[in-house]
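Analysis of the macromolecular model
Listed below are the residues making up each chain.
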Amino acid sequence: MPSPVPEDCLQCMCLALSSRCQMPHPVCSFDVISLLCGPYRIDEPYWIDARLRAGDLKGSWQQCSSDVTCSKNTVQGYMARYAVSSRLGHPPTCEDFARIHVGGPNGFKSSSTLNFWLQVKECLDL
């Protein structure tokens, strides 16, 4: 299982999300355009992409999202697919991971992901 995201970055990403890195109740809730699940607020297309690098991931998006370890593995798999030097033009950083997490494969270059990155950075700077 690939693990490109360092633990401190992964934890700060989780803390910066609305769930404050706790399993939300209910596990899934609607955002503006999609159903997001678990502490990392994962949607089904993200989970499907992650499986290409991380394997089965409990076989079900909602089942995986309700498990903290599987949710972390989903993020790691997604980043192993999209946060790679050949796509970014440089070795991936926590900023890249955070911005891709909330903005999709090209989120690292989208201004709409900067606010989330600043929240993650604030956590890392503590």
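See the structure shown above.
Residues numbered from 1 in each chain as written. Predicted model: local features only at pLDDT ≥ 70, side-chain atom pairs only at ≥ 80, totals over all residues. Heavy atoms only, no water.

Brief notes about the state of the cysteines
Scanning the entire structure with this criterion turns up five disulfides. The disulfide that involves cysteine 14 links it to cysteine 21, with 2.2 Å between the sulfurs. With the S-S dihedral at roughly 100°, the linkage between cysteine 14 and cysteine 21 falls on the right-handed side. Cysteine 14 gets classed as buried once you look at its relative accessible area, which sits at 0%. Bonded cysteines in the protein are paired 1-9, 2-10, 3-4, 5-6, 7-8 when counted in the order they occur along the chain. (Disulfide = S-S within 2.5 Å. Buried < 20%, exposed > 50% of the residue type's maximum accessible area, 1.4 Å probe, protein only.)

With respect to the packing of aromatic side chains
Centre-to-centre distance and the angle between the planes together describe a pair of aromatic rings. For the structure shown, the criterion picks out two aromatic pairs. Pairing tyrosine 46 with tyrosine 78 gives two aromatic rings, centres 3.7 Å apart and planes at 10°, and the pair type is stacked. In this pair, tyrosine 46 sits in helix 2 (residues 44–54) while tyrosine 78 sits in helix 4 (residues 68–82), placing the two residues 32 residues apart along the sequence. Taking 4.8 Å as the distance between ring centres and 55° as the angle between the ring planes, the aromatic pair formed by tyrosine 78 and tyrosine 82 counts as tilted. Separated by four residues within a single helix, tyrosine 78 and tyrosine 82 lie in helix 4, roughly one turn from each other. Among the aromatic residues, those joined into a ring-pair cluster are Tyr46, Tyr78 and Tyr82. (Phe/Tyr/Trp six-rings, centres within 6.5 Å; stacked < 30°, edge-to-face > 60°. Helix = DSSP H or I, 4+ residues; strand = E, 2+ residues; numbered from the N terminus.)

Looking at the packing of helix 1 (residues 7–16) against helix 4
Viewed as axis vectors pointing N to C, helix 1 and helix 4 meet at an angle of 110°, and their least axial separation amounts to 12 Å. Accordingly, the angle class assigned to the pair helix 1 and helix 4 is roughly perpendicular. Note that helix 1 runs across helix 4; the crossing there is right-handed. Judged by residue contacts, Glu7, Leu10 and Met13 of helix 1 engage Lys72, Val75 and Gln76 from helix 4. (Axes fitted to C-alpha atoms, helices over the stretch in contact; angles between N-to-C directions. Parallel < 35°, antiparallel > 145°, perpendicular 65-115°, else oblique. Left-handed = near helix turned anticlockwise from the far one by under 90°. Contact = heavy atoms within 4.5 Å.)

With respect to unusual backbone geometry
Put simply, histidine 25 and proline 26 share a cis peptide bond, and its omega is 0°. Among the secondary structure elements, proline 26 is positioned in the loop between helix 1 and strand 1 (28–30). Despite not being glycine, leucine 57 shows a phi value in the positive range, around 50°. Among the structural elements, leucine 57 can be located in the loop between helix 2 and helix 3 (61–65). Exposure remark for leucine 57: the relative accessible area of 7% places this residue in the buried category. Here the phi dihedral of lysine 58 falls at roughly 65°; this positive angle occurs in a residue that is not glycine. Topologically, lysine 58 is positioned in the loop between helix 2 and helix 3.

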